[in-house]
Amino acid sequence: MGFLDRVEKFRMTHRQMAILTSSLCLISIFVMVPIPMVIGPITLDFYKEIEKLPPGSVVAWAQNCAFGTYMTKRDAYRAVIYHCFDKKLKTILYSFDPDAPQLNAAVMVYSNVEKKYGAKYGEDYVIFPFLAGEETAMAAVASDTRVLKTDLYGNDIEKLPLMKNVRTMKDIALTVNDAGSFTFVEMWIRQWPAKYGNRAIGTMVFATVAPVYGVYVHGYLDGVRGYAEYEKLTGYLGDHLMKMNARNLQGLAVFIAVGLGNISWAIAKYRKREVQVRRLG
């Protein structure tokens, strides 16, 4: 049987397609398929903002997501934390959602920077408890970091080495944001980068910062695609890259199946017409 004969016989049911795409998902979980990926410009911007900071610079993270976000974004968060610690940056994690302190604490446990980098709590990173008020809270802590007298674990702020020289948002080199709502992103922009002039990057949805991109915000990870690009860029691979590989493999399989199906239909139609012409002749 020749190639055209094989293609003509090609048929795939919905059930077979479902089995194929599910199998490709499973393959991508156990085997990292090296599918080429172009790193987008806003992901590169995000990466470069961290890269250009001198060692010892302080990064402040404004977290507004609930704890459920931990399972969906933890590998992307870990890649950001590792990148910061690779550059010997200090990290302060602020919490503007009731669940955010638990989320921040879980991310740092998952990252395990104490073992990987020899980091020390209070010197290299600090986690703060929930501060209610959203925009009011961000404005208050930005103008005076002593609004919060203790950290998440009850330690006196004045006794934490990292906080000794951090009095206002002017002492912060870079701010990072993730949010559970579009409006919180606007509050963060108004009260931190726009008001104090720090550089700003984020990990939510690019549409939330598009109007001020390049003015107040200078790098963004736009959803799963952005997280996957960043994981690949930093070398800290995680489940977002697996998700992208699975999606790419599924998409490729669908295009191939549709293409072969159309070719099969065209060949069958052509040969049927040939037979009709011969009979008429």
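Since the structure is predicted, the reported quantities are computational estimates derived from the model, not experimental observations.

Caption draft 1: Region of interest: the sheet that holds strand β4 (residues 174-179). The sheet built from five strands is open, its strands ordered β3-β2-β1-β4-β5 with parallel pairing. Looking along the sheet, the strands with just one partner apiece sit at the ends: β3 (125-130) and β5 (199-202). On average, each strand axis in the sheet is inclined to that of its neighbour by 20°, with strand direction left out of account. Note that strand β1 (residues 58-64) and strand β2 (residues 90-95) share six bridges and pair parallel. For Val-58, the partnering residue across the bridge sits in β2 and is Lys-90. The sheet strands contacting helix α3 (residues 41-51) are β4 and β5, and the helix crosses β5 at an angle near 135°. Its contacts with the sheet put helix α8 (residues 182-191) on β1, β4 and β5, and the angle it makes with β4 is roughly 165°.

Caption draft 2: Representation of the nonpolar core in the model. In terms of nonpolar packing, the biggest core is built from 35 residues, with Ile-92, Tyr-94, Phe-96, Met-163, Trp-188 and Trp-192 touching the most fellow members. For this core, the elements supplying multiple residues, two or more each, are β1, β2, β3, α7 (135-143) and α8. Considering each element in turn, this core owes the most residues, five residues, to α8. Contact partners of Tyr-94, with chain neighbours within four places excluded, come to Ala-60, Trp-61, Ala-62, Gln-63, Asn-104, Phe-128, Val-141, Thr-145, Leu-148, Met-163 and Trp-192. One finds Leu-53, Cys-84, Met-108 and Ile-201 within the second-largest nonpolar core, a separate group that totals 33 residues.

Caption draft 3: Region of the structure containing the environment of Thr-168. As for its position among the elements, Thr-168 is in the loop between α7 and β4. Along the backbone, Thr-168 and Thr-145 are 23 residues apart, and their C-alpha atoms lie at a distance of 5.7 Å. Filtering out sequence-adjacent residues up to four positions away, Thr-168 remains in contact with Ala-142, Ser-143 and Thr-145.

Caption draft 4: View of unusual backbone geometry. We note that Lys-88 has phi near 60°; this positive angle belongs to a residue other than glycine. Residue position: Lys-88 is located in the loop between α4 (69-86) and β2. For Asn-112, which is not glycine, the phi dihedral falls at a positive 50°. Within the element layout of this structure, Asn-112 appears in the loop between α5 (100-111) and α6 (113-117).

Calculation rules
- Residues numbered from 1 in each chain as written.
- Predicted model: local features only at pLDDT ≥ 70, side-chain atom pairs only at ≥ 80, totals over all residues.
- Heavy atoms only, no water.
- Pairing = 2+ DSSP bridges.
- Helix = DSSP H or I, 4+ residues; strand = E, 2+ residues; numbered from the N terminus.
- Axes fitted to C-alpha atoms, helices over the stretch in contact; angles between N-to-C directions.
- Contact = heavy atoms within 4.5 Å.
- Core = buried A, V, L, I, M, F, W, Y, C linked by side-chain atoms within 4.5 Å.
- Buried < 20%, exposed > 50% of the residue type's maximum accessible area, 1.4 Å probe, protein only.

Limitation: the analysis is restricted to geometry and does not speak to function.
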